[in-house]
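Report on the structure
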Amino acid sequence: DLPFLKANALVHGTLTNQNGSPLQGFNVNLEDGASAITDTNGSYAIGVLGGSEEELEGEFGFYGYLDLEGVEFTATAGQARRADLNATAFTAHLNGRVVDTQGNPIAGMDIEAMRYGGGPWLRSVVSTDSNGSFRIGVVAGDWQLSVDADNGLQQNLVPHIQGYGAVADGADIQNITYVAKRATRNLSIVMRDNLGRPVPNVGFYLSANIGAPTSVYHHTWISLDDNGTANIGVLPGTWNLYVDSED
């Protein structure tokens, strides 16, 4: 039998848009899965365990808003913590296709847009359709695209960063083509401590600038298995490996 722990703390608040209006029917969830649907006042409440470190998230793209992610807090037993949330509506879109080097569409691929300038860092994600097409909602700022590292790994693709510069409110960008390359090399990672014992479940970020005369920034992510090993597909080049500082 599996024991079920009873929540002894609470996180609650309201979800509003950038104008302060409440948002009803949005799913707000914790990273570990517990969730709540906002009511007519935009209010939500989720039971948690005291002492746990939590993170509030929300996939709002279906409603025309940027996803909510990265709202962290520590729960205290016997207390209710208030966390009011704000969602930002799309004001423009990036439209295009993801294809391989032969021009074949890549379907079911998560592609993410990341704002790196013109405001705080933001992220918006959609999945390509059967034709490899995507329509990503964004707001004004400087944006770049990449296939999702986890999803790319499943299809043997090596993500790279493709920049588009400034996007203005109300001005969609059309006919984007993101050409994803499939891995042609395999990199094996083995991690041991000073006594030669496996170090399991540690995350690694990998990056490389590949190509000449103009290099393209490639990146991916993988977690070691229970034996402290991992195998990942890459492209020819010099790769840098970074251990996740939280692991």
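As the structure is a prediction and not an experimental result, all values here were calculated from the model.

What about the pattern of salt bridges?
- Applying the stated criterion across every chain yields a total of 5 salt bridges.
- As a salt-bridge pair, R82 and D84 come within 3.1 Å of each other at their nearest N and O atoms.
- Residue classification places R82 among the partly exposed positions, given a relative accessible area of 48%.
- Note that R197 and D193 form a salt bridge whose closest N and O atoms lie 2.8 Å from each other.
- Given a relative accessible area of 47%, R197 falls into the partly exposed group.
- Shared partners join several salt bridges into a network, and the residues in it are E112, R123 and D148.

Concerning unusual backbone geometry
- Located in the positive-phi region is N156, a residue other than glycine, with phi close to 60°.
- Along the polypeptide, N156 turns up in the loop between helix 1 (149-154) and strand 14 (157-158).
- Residue classification places N156 among the partly exposed residues on the basis of a relative accessible area of 38%.
- The backbone of N201 shows a phi angle near 60°, a positive value even though the residue is not glycine.
- Relative to the helices and strands, N201 resides in the loop between strand 18 (185-190) and strand 19 (203-210).
- For N201, a relative accessible area of 43% puts it in the partly exposed group.

Let's talk about the packing of aromatic side chains
- Using the criterion set out here, one finds 5 aromatic pairs in the structure.
- Arranged with centres 5.1 Å apart and planes meeting at 75°, the rings of F26 and F60 form a pair that is edge-to-face. Here F60 lies in the loop between strand 5 (53-58) and strand 6 (68-74) and F26 lies in the loop between strand 1 (9-17) and strand 2 (27-30), a separation of 34 residues in the sequence.
- Note on F60: relative accessible area 0%, which makes it buried.
- Where Y205 meets Y242, the ring centres are 6.4 Å apart and the plane angle is 40°; that geometry is what we call tilted. Taken together, the residues span a long stretch of sequence, with Y205 in strand 19 and Y242 in strand 22 (residues 240-243) at a distance of 37 residues.
- Joined through ring pairs, the aromatic side chains of F26, F60, F62, Y63 and Y65 make up one cluster.

About the cut-offs
- Residues numbered from 1 in each chain as written.
- Predicted model: local features only at pLDDT ≥ 70, side-chain atom pairs only at ≥ 80, totals over all residues.
- Heavy atoms only, no water.
- Salt bridge = Lys/Arg side-chain N within 4 Å of Asp/Glu carboxyl O.
- Buried < 20%, exposed > 50% of the residue type's maximum accessible area, 1.4 Å probe, protein only.
- Helix = DSSP H or I, 4+ residues; strand = E, 2+ residues; numbered from the N terminus.
- Phe/Tyr/Trp six-rings, centres within 6.5 Å; stacked < 30°, edge-to-face > 60°.

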